Amino acid sequence: AEAFLERKQLLLPGQKRASNRTWKNSYTVLCGQLLCFFKNKDDFAASKASCPPINIHNALCTIADDYQKRKYTFRLVITDGSEFLFSCNSEVDMMDWINRITFR
Ligand code: I3P
């Protein structure tokens with residue numbers, strides 16, 4: 001799975017409230033158990049990540065139905081306590097990401 005996705009971090013490791021809460025757009029790629037972030041496709045091809053990857057091993061990935069500001073948004077909680085929202089372009093895209101992250 002790879003696509004441009006917007007993401008917002010809600011919690012830092014240890015469930016600390018994130019201070020930078022801006023939505024960011026990244027070319028997002030699921031590589032095994034790592035969710036990796038690139039500025040664009042060319043940077044992905046060149047392996048130039050824009051920030052550290054997220055380890056999704058044992059992560060919890062669910063529809064963010066309590067988040068009303070954007071449609072097709074899912075929540076990802078990882079084992080270090082970090083939490084993110086990801087906003088997709090369609091319901092199908094969202095379910096695809098959730099399934100891939102959950103059943104990888
Ligand atoms: C944040 C930005 C986010 C917003 C967040 C703001 O401000 O406006 O879009 O999240 O609200 O803090 P900034 O870009 O100046 O850091 P939402 O889109 O979910 O409202 P929050 O603090 O309630 O998370």
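**Student:** How do you make sense of the overall build of the chain when you look at a structure like this?
**Tutor:** A tally of regular secondary structure across the chain gives two helices and eight strands. Written out in order from the N terminus, the α and β elements of the chain read β-β-β-β-α-β-β-β-β-α. Computed over its C-alpha atoms, the radius of gyration of the chain comes to 13 Å, within 12% of the 13 Å expected for a compact globule of 104 residues. In terms of overall dimensions, the chain has a C-alpha envelope of 35 × 30 × 25 Å along the principal axes. Counting only residues that meet the buried cut, the chain has 38% of its 104 residues in that class. Restricting to contacts in the chain with at least 6 residues of sequence separation, those with at least 24 account for 42%. Accessible area of the chain: about 6200 Å², with a carbon and sulfur share of 51%. Across the chain, the mean location of the 15 positive side-chain charges is 7 Å away from that of the 11 negative side-chain charges.

**Student:** Mind showing me how you'd approach unusual backbone geometry here?
**Tutor:** Glycine aside, negative phi is the norm for most residues, and most peptide bonds take the trans geometry. Within the chain, Q15 stands out as a residue other than glycine whose phi angle is a positive 60°. Within the secondary structure, Q15 sits in the loop between β1 (2-12) and β2 (16-17). The exposure class assigned to Q15 is exposed, which follows from its relative accessible area of 59%. Unlike most non-glycine residues, N58 shows phi in positive territory, near 60°.

**Student:** In this structure, what is going on with the packing of aromatic side chains? I would like to understand it.
**Tutor:** Aromatic rings in a pair are described by how distant their centres are and how their planes are angled relative to each other. A full pass over the atoms with the stated rule returns seven aromatic pairs. Between F4 and Y27, the aromatic rings sit 5.0 Å apart at their centres with planes inclined by 65°, giving edge-to-face as the arrangement. Here the residue F4 occupies a position in strand β1, and Y27 occupies one in strand β3 (residues 24-31), the gap between them amounting to 23 residues. Accessibility expressed as a relative area gives 41% for F4, which makes it partly exposed. The exposure class of Y27 is buried, given its relative accessible area of 4%. With 6.0 Å between their ring centres and 55° between their planes, W23 and Y67 make a pair best called tilted. Residue W23 is found in the loop between β2 and β3, and its partner Y67 is found in the loop between β6 (60-63) and β7 (73-77); the two are separated by 44 residues along the sequence. Through pairs of rings, three or more aromatic residues link up here, namely F4, Y27, F38 and F44. Looking at R7, its charged tip hangs above the ring of F37, at a distance of 3.8 Å from the centre. Positioned over the ring face of W23 is R70, at 4.0 Å from the centre of the ring.

**Student:** It is not clear to me how the side chain of R7 should be interpreted in this structure. Could you clarify?
**Tutor:** Summarising the element assignment, R7 is placed in strand β1. Lacking a salt bridge, the buried R7 has E6 as its closest oppositely charged neighbour, with an N-O distance of 8.7 Å. A polar atom in the side chain of R7 sits 2.9 Å from the side chain of S26. Apart from residues lying up to four places away in sequence, R7 is in contact with T22, W23, K24, S26, F37, C51, F84, L85 and F86.

Calculation notes
Residues numbered from 1 in each chain as written. Predicted model: local features only at pLDDT ≥ 70, side-chain atom pairs only at ≥ 80, totals over all residues. Heavy atoms only, no water. Helix = DSSP H or I, 4+ residues; strand = E, 2+ residues; numbered from the N terminus. Rg over C-alpha atoms; globule rule 2.2 N^0.38 Å. Buried < 20%, exposed > 50% of the residue type's maximum accessible area, 1.4 Å probe, protein only. Contact = heavy atoms within 4.5 Å. Areas by Shrake-Rupley, 256 points an atom, 1.4 Å probe, with all protein chains shown as cover. Lys, Arg positive; Asp, Glu negative; His and termini not counted. Charge placed at Lys NZ, Arg CZ, Asp CG, Glu CD. Phe/Tyr/Trp six-rings, centres within 6.5 Å; stacked < 30°, edge-to-face > 60°. Lys NZ or Arg CZ within 6 Å of the ring centre and 35° of its normal. Salt bridge = Lys/Arg side-chain N within 4 Å of Asp/Glu carboxyl O. Polar contact = N/O pair within 3.5 Å; in protein donor to acceptor, adjacent residues only side chain to side chain.

The values reported here are purely geometric and, on their own, carry no functional implication.
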